[in-house]
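# What the coordinates show
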Amino acid sequence: MEPVTAAAGDSVTVTGEGLFDGCADVSGVGPDGTVVAVETQEPHEGVAIVFSLPGREPVTLATVDASESGSFTVEVTVPDVDGGGTGLVEATGTFAEAELTVTP
């Protein structure tokens with residue numbers, strides 16, 4: 001995520017990658033009877049990009065679908081945070097997160 005410090009109303013770009021549902025290590029049987037790997041991964045859909053500060057209600061900044069390569073890029077607007085503070089921007093349903101400091 002760029003930048004990591006921004007004022008309310010500023011735009012920041014949030015990116016993520018490796019966002020797949022399913023499992024990449026499922027085996028199957030090939031036409032010749034040998035065991036083969038079967039890709040069952042599908043890109044995540046409906047990933048909410050959420051900003052949360054301790055003790056405050058989370059704010060959904062955007063909802064995105066990952067591309068076929070499992071990545072996304074979205075520009076979001078920094079929410080108004082009374083008094084500023086440092087919180088997390090998270091892609092729900094994933095382990096992706098980054099700190100964002102909102103200046104007053």
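Everything here concerns the structure above.
Rules of the game
Residue numbers restart at each chain and count upward from 1, following the sequence in its written direction. Per-residue local features of the predicted model are confined to residues with pLDDT of at least 70, and side-chain atom pairs are confined, for both listing and counting, to 80 or more; whole-chain, interface and lining totals are unaffected and use all residues. Side-chain metrics in this entry use all non-hydrogen atoms of the structure; hydrogen atoms and water are not considered. Comment: elements are numbered from the N terminus, with helices defined as DSSP H or I runs of at least four residues and strands as E runs of at least two. Any residue under 20% of the maximum accessible area for its type is buried, any over 50% is exposed, and the rest in between are partly exposed; the area is computed with a 1.4 Å probe on protein chains only. Here a polar contact is recorded for every N or O atom pair within 3.5 Å, except that within protein the pair must consist of a potential hydrogen donor and a potential acceptor, and residues adjacent in sequence are included only if both atoms are side-chain atoms. Two residues form a contact once any of their heavy atoms are found within 4.5 Å. The criterion for strand pairing is that DSSP finds at least two bridges linking the strands in question. Fitted lines through C-alpha atoms give the axes, limited to the stretch in contact for helices. The angle between two N-to-C directions lies from 0 to 180 degrees.

### Observations concerning the side chain of Ser-52
Among the secondary structure elements, Ser-52 is positioned in strand β7 (residues 47-52). The exposure class of Ser-52 is buried, given its relative accessible area of 17%. At 3.5 Å, the side chain of Ser-52 and the side chain of Glu-90 are in polar contact. The residues contacting Ser-52, other than those within four sequence positions of it, are Pro-58, Gly-87, Leu-88 and Glu-90.

### Notes on the sheet that holds strand β11 (residues 97-103)
The strand order across the open sheet formed by five strands is β1-β11-β10-β7-β8, and the pairing between neighbours is mixed. Of all strands in the sheet, those with a lone pairing partner are β1 (5-7) and β8 (59-64), marking the two edges. Averaged over neighbouring strand pairs, the angle between their axes works out to 30° when direction is ignored. Across six bridges, the pairing between strand β10 (residues 85-91) and β11 is antiparallel. When the sheet's bridge partners are listed, Glu-90 is paired in β11 with Glu-97.

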